[in-house]
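# Descriptive analysis of the structure
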Amino acid sequence: MNTTRTHSTPAGQPGARDPFGAHLRHWRTHRRLSQLDLAQEAEVSTRHLSYVETGRAAPSREMVLRLAERLDVPLRERNALLVAAGFAPMYRQRSLDDPAMASARRAVDLVLKGHEPFPALAVDRHWNLVAHNALVPMLMAGAAPELVKAPINVLRLSLHPDGLASRIANLAQWRAHLLERLQQQIAATGDTVLQALHDELEAYPAPQVSHDTPAADTDLSGVVVPFQLATPNGVLSFISTTTIFGTPVDVTLQELAVESFFPADAQTAAALAALAAQPAG
């Protein structure tokens, strides 16, 4: 597994009935490449690429996949490119609960379970919660019931006034970090669902610290943005990493990401160990 993010559907992407050339032109311009740039990267003539893009020439299946690879097109949209060119989809899209995905689900659960006593969760391409380990519900305690009903969007849960926002000790800093991270995803993918989510989160009331506990300082504060959550056990400080499958051949797996939180100080590590030792329920 690698520590990067995945892509989603870009804004204004041609529909299923649009010709392959329209899809190709969309992705080429979205990646800010000229026909010459893409032709050089794909090792084809600019003239042939122009013919393919305008519909004067039909691409081979190999050409479709080569162009998709050079354009870093996500698996979901590679299927759309193949279909538009008259070929069958190549990449499967199955729910993580599908029996055929059992081994992948076990791998995800193993990663989440192995991260205990620290929190870890898995999200889909739109930040909806897919799976989590035993520590996550303890941190979500106190959020409004409607925010913890499936599908749970973890960014909405984090920044909504009735979610975790009132308990985040460094809310202004964490909010800016999440919005910037989300904006980077949107810039890379043009995903309209992510853009709508960004607009919603940005419209929430300006950050207000609703408790008297100051944001804790950690040795890592100058290196990464910590997530600092006020709890009955004090302010817990975390750093986080994002992990994805490195070589997925399934759409669902490519779009799945595991967010792992690590204690940023000894006090947080001790508090999490104590929480993990508590009986369930």
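Scroll up to find the structure this text is about.
Residues numbered from 1 in each chain as written. Predicted model: local features only at pLDDT ≥ 70, side-chain atom pairs only at ≥ 80, totals over all residues. Heavy atoms only, no water.

### Regarding the overall build of the protein
- Of the regular secondary structure elements, the protein holds twelve helices and five strands.
- When the 281 residues of the protein are sorted by exposure, 47% land in the buried category.
- Long-range contacts, defined here as pairs at least 24 residues apart, represent 61% of the contacts in the protein between residues at least 6 apart.
- Split by element, the accessible area of the protein, about 13,700 Å² in all, is 54% carbon and sulfur. (Helix = DSSP H or I, 4+ residues; strand = E, 2+ residues; numbered from the N terminus. Buried < 20%, exposed > 50% of the residue type's maximum accessible area, 1.4 Å probe, protein only. Contact = heavy atoms within 4.5 Å. Areas by Shrake-Rupley, 256 points an atom, 1.4 Å probe, with all protein chains shown as cover.)

### Details of helix H1 (residues 20-30)
- Taken across its eleven residues, H1 has eight buried, putting it largely inside the fold.
- Residues of H1 that are buried: Phe20, Gly21, Ala22, His23, Leu24, His26, Trp27 and Arg28.
- Each element contacted by the buried residues of H1 is listed here: helix H2 (35-42), helix H3 (46-54), helix H4 (61-70) and helix H5 (75-84).
- In the stretch just after H1, Arg32 is the one whose phi turns positive, near 60°.

### Brief notes about the pattern of salt bridges
- One pass over the full model with this rule turns up eleven salt bridges.
- In this structure, the salt-bridge partner of Asp250 is Arg94, at a minimum N-O distance of 3.2 Å. Pair noted here: Asp250 is in the loop between strand S4 (234-243) and helix H11 (251-254) and Arg94 is in the loop between H5 and helix H6 (102-114), with a separation of 156 residues, a long-range link.
- Judged by relative accessible area, Asp250 falls into the buried class, the value being 2%.
- A salt bridge links Arg105 to Asp97, with the nearest nitrogen and oxygen atoms 3.3 Å apart.
- Sharing partners across several salt bridges, the network here consists of Arg76, Arg125 and Glu255. (Salt bridge = Lys/Arg side-chain N within 4 Å of Asp/Glu carboxyl O.)

### Considerations on the packing of aromatic side chains
- What the rule picks out here adds up to four aromatic pairs.
- Seen from their ring centres, Trp174 and Phe227 are 5.0 Å apart, and the 40° between their planes marks the pair as tilted. Pair noted here: Trp174 is in helix H9 (residues 171-189) and Phe227 is in strand S3 (residues 227-231), with a separation of 53 residues, a long-range link. Neither Trp174 nor Phe227 differs from the other in exposure class; each is buried. (Phe/Tyr/Trp six-rings, centres within 6.5 Å; stacked < 30°, edge-to-face > 60°.)

### Section: the pairing of S3
- Across the five residues that make up S3, a large majority, five, are buried.
- Residues Phe227, Leu229 and Thr231 point to one face of S3 and Gln228 and Ala230 to the other, with burial holding for every one of them.
- Note: S3 against S4, five bridges, orientation antiparallel. Paired with Leu229 across the two strands is Leu236, which belongs to S4.
- Hairpin remark: S3 followed by S4, antiparallel, with two residues in the connecting loop. (Pairing = 2+ DSSP bridges.)

### Describing the environment of Pro263
- Position of Pro263 among the secondary structure elements: in strand S5 (residues 257-263).
- Remark: the alpha-carbon pair of Pro263 and Pro119, spanning 144 residues in sequence, is separated by 9.4 Å.

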